[in-house]
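So the chains spell out like this:
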Amino acid sequence: MRHVLLIHPSFFSRSKSEKLIENIRRKLLSRRIRIFSIKFERNFIILDVSDLAGARRILIGMFGIEKVSIAKKTCNDFSNVVNAIRAVGQEIILPKEKFLVKVELYANGLRSLGYKERDIEFASSGQLASELSSRGARPARSKDAVDRLVQSYINKKYAYVCIETTASLGGIPFGSQYHKVACSMHSQLSVSSCMASIRCGFLPEILLPYINKEDLKNKLRLSKSVIDMIDKKRYRIFIAHVIPPSSFNAGTKAILLENIYYKMLTLLPGDVVIISLPTTIFPTWYINSVINDVISAGKIPWTPFLFEIPEIKDYNIRSRTAAHTHIFNFESQVNYFSSHLRQLPSLDNKFDQELYEEHKQIINAVSRRAIETMKTISFKIGSNYVHDITDAI
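Residues numbered from 1 in each chain as written. Predicted model: local features only at pLDDT ≥ 70, side-chain atom pairs only at ≥ 80, totals over all residues. Heavy atoms only, no water.

**Digging into the sheet that holds strand S1 (residues 2-9)**
Right, on to step 1. If you trace the eight strands from one edge of the open sheet to the other, you get S2-S3-S1-S4-S8-S7-S5-S6, paired in mixed fashion. Pairing within the sheet leaves two strands with one partner each, and these edge strands are strand S2 (35-41) and strand S6 (138-139).
Right, on to step 2. Note that S1 and strand S4 (residues 65-75) share eight bridges and pair antiparallel. For Leu5, the partnering residue across the bridge sits in S4 and is Ile70.
Right, on to step 3. Lying on the sheet, helix H2 (residues 52-59) is in contact with S1, strand S3 (44-49), S4 and strand S8 (158-170); it crosses S1 at an angle near 5°.
Right, on to step 4. Sheet contacts for helix H4 (residues 117-131): strand S5 (98-105) and S6; angle to S5, the most-contacted strand, approximately 155°. (Pairing = 2+ DSSP bridges. Helix = DSSP H or I, 4+ residues; strand = E, 2+ residues; numbered from the N terminus. Contact = heavy atoms within 4.5 Å. Axes fitted to C-alpha atoms, helices over the stretch in contact; angles between N-to-C directions.)

Structural data, given as structure tokens:
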């Protein structure tokens, strides 16, 4: 029996299998992992490589993949399948665990096999129950009581018994939309919006606005989680020094800076500007004003989280790199903006839309000065690109 990887594409990636396979092949070959075979069969991709563990680490950090399984490959006749399930079960089922054997058939003309899913499940469960009784392990009586799942897939020629399954990033393959969108990396909410566009297969053009050196370090640290996910050897970002008026309080300054950043995004390549202004945090008249400004500049505004902020459990996406692990903490960003919004005079009916319109000249002036300082920095995505960016500035 040979070990292979089963790649389970996300639901929306199944129609983009060619792009997903192209991305997988390019990524593995760039890490010098030899590919013996790769093919798409119904709902999963079968991958035979020289380094299973290394390939799995790479694949669980790729978009378009729901999960990745290390599996034993065997012939699909009844006895071989049962023996493979029994061998894997003995390997992965721990003492006193309740297990479930699950078999799925993915092929036409299976009548020639002479069995159905339940035949395999019943036979292999019985043998495992007998052999693992000394460990106190036993079959689960219901799906809700399962501690360990022994999952198998059977196609026309072979059966694959999963030893270990790891969740990946989901979404659709990187770059499969062949469309550029402009994103700003100025807050964790804006980072989440950029990540949402990447998950949907778009190519981000990233603006990194900063106020001072310390702010630049924070923005680079924040944007690293996204840049690490970009499936390219070389990449470029736009960096601009923004000098906000010192006369405003922190809350007013935060609101005006948001508008400045989106005004700068309209100058970046691409037809679309990603706006991260949820109605749960920002007033609707303010969101409408920003959207109208983007449209007036000849761009299309997209608002991934207009009516809600991302759930913590759904968007705490880990950037899987060799040296670092970054976690988006959107809750802290929501608390940050909420604390500033409480300070805004708008809650006292003083800072309203009319007063905001009076600040438009300041917004335009600050934007123009920032645009004059904007630089395009190209770099190789690797372990030291953050230092490359700071050195270039």
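Further notes follow.
**What about the side chain of Ser10?**
Right, on to step 1. Along the polypeptide, Ser10 turns up in the loop between S1 and helix H1 (17-30).
Right, on to step 2. Separated by 2.3 Å, the side chain of Ser10 and the backbone oxygen of Gly171 make a polar contact.
Right, on to step 3. Those residues in contact with Ser10 that sit more than four places away from it in its chain are Gly64, Ile65, Glu66, Gly170, Gly171 and Ile172. (Polar contact = N/O pair within 3.5 Å; in protein donor to acceptor, adjacent residues only side chain to side chain.)

**Description of the packing of aromatic side chains**
Right, on to step 1. Scanning all chains against the criterion turns up eight aromatic pairs.
Right, on to step 2. Taken together, a centroid distance of 5.7 Å and an interplanar angle of 65° make the contact between Phe78 and Tyr115 edge-to-face. Pair noted here: Phe78 is in helix H3 (residues 78-92) and Tyr115 is in the loop between S5 and H4, with a separation of 37 residues, a long-range link.
Right, on to step 3. Of the residues examined, Phe78 reaches a relative accessible area of 34% and is grouped as partly exposed.
Right, on to step 4. Take Tyr115: its relative accessible area is 6%, and that puts it in the buried class.
Right, on to step 5. For the pair Phe202 and Trp302, a centre-to-centre distance of 5.1 Å together with 65° between the ring planes defines the contact as edge-to-face. Of this pair, Phe202 sits in the loop between helix H5 (188-199) and strand S10 (203-210) while Trp302 sits in strand S13 (residues 300-302), and the two are 100 residues apart along the sequence.
Right, on to step 6. The class for Phe202 is buried, based on a relative accessible area of 13%. (Phe/Tyr/Trp six-rings, centres within 6.5 Å; stacked < 30°, edge-to-face > 60°. Buried < 20%, exposed > 50% of the residue type's maximum accessible area, 1.4 Å probe, protein only.)

**Observations concerning the confidence of the model for the protein chain**
Right, on to step 1. Of all residues in the protein chain, 87% have pLDDT values of 70 or greater, and the mean over the chain is 83.
Right, on to step 2. Note that pLDDT drops below 50 for residues 312-334; the model gives that stretch 53 contacts with residues more than four away or on any other chain.
Right, on to step 3. A low-confidence stretch, residues 336-350 (pLDDT under 50), is modelled with 23 contacts involving residues beyond four sequence positions or located in other chains. (pLDDT = per-residue confidence, 0-100.)

**A short note on the environment of Ser79**
Right, on to step 1. One can find Ser79 in helix H3.
Right, on to step 2. Judged by relative accessible area, which is 42%, Ser79 ranks as partly exposed.
Right, on to step 3. For Ser79 and Ala123, which are 44 residues apart along the polypeptide, the C-alpha to C-alpha distance reads 9.6 Å.
Right, on to step 4. Engagement of the side chain of Ser79 in a polar contact is seen with the side chain of Asp77, the distance being 3.0 Å.

**With respect to the pattern of salt bridges**
Right, on to step 1. Inspection of every chain in the model, using the stated rule, returns 13 salt bridges.
Right, on to step 2. Lys224 is paired through a salt bridge with Asp228; the nearest N and O atoms lie 3.0 Å apart. In this structure, Lys224 and Asp228 share a single accessibility class: buried.
Right, on to step 3. One continuous salt-bridge network, built from bridges that share partners, spans Lys19, Glu22, Arg26, Lys27 and Asp231. (Salt bridge = Lys/Arg side-chain N within 4 Å of Asp/Glu carboxyl O.)

**What to know about the side chain of Asn23**
Right, on to step 1. Mapped onto the elements, Asn23 comes out in helix H1.
Right, on to step 2. When neighbours within four sequence positions are excluded, Asn23 is seen to be in contact with Met62, Pro173, Phe174 and Asp231.

**Concerning the pairing of strand S9 (residues 180-184)**
Right, on to step 1. Most of S9 sits inside the fold, with four of its five residues counted as buried.
Right, on to step 2. Relative to S10, S9 runs parallel, the two sharing five bridges. The residue of S10 that forms the bridge with Ser184 is Leu207.
Right, on to step 3. With respect to chirality, the unit in which S9 leads through H5 into the neighbouring parallel S10 is right-handed.
Right, on to step 4. When S9 meets strand S12 (residues 272-274), the two strands line up parallel, connected through two bridges. (Right-handed = clockwise from strand over helix to strand, strands pointing away.)

**Focus on unusual backbone geometry**
Right, on to step 1. For Arg32, which is not a glycine, the phi torsion comes out positive at approximately 60°.
Right, on to step 2. For Arg32, the location among the structural elements is in the loop between H1 and S2.
Right, on to step 3. Taking the relative accessible area as the measure of exposure, Arg32 reaches 81% and is therefore exposed.
Right, on to step 4. Phi angles above zero are rare outside glycine, and Tyr178 is one such case at about 55°.
Right, on to step 5. In this structure Tyr178 comes out as exposed when scored by relative accessible area, which is 61%.

**Some details on the nonpolar core**
Right, on to step 1. The biggest cluster of nonpolar side chains holds 42 residues, and the ones touching the most others in it are Leu5, Ile24, Leu28, Leu47, Val49, Leu59 and Ile85.
Right, on to step 2. The element that contributes the greatest number of residues to this core is H3, accounting for six residues.
Right, on to step 3. Residue contacts for Leu5: discarding those within four places in its chain leaves Ile45, Ile46, Leu47, Val49, Leu52, Ala55, Arg56, Leu59, Val68, Ser69 and Ile70.
Right, on to step 4. Counting 32 residues, the second-largest nonpolar core is a separate cluster that includes Phe202, Leu222, Val272 and Ile377. (Core = buried A, V, L, I, M, F, W, Y, C linked by side-chain atoms within 4.5 Å.)

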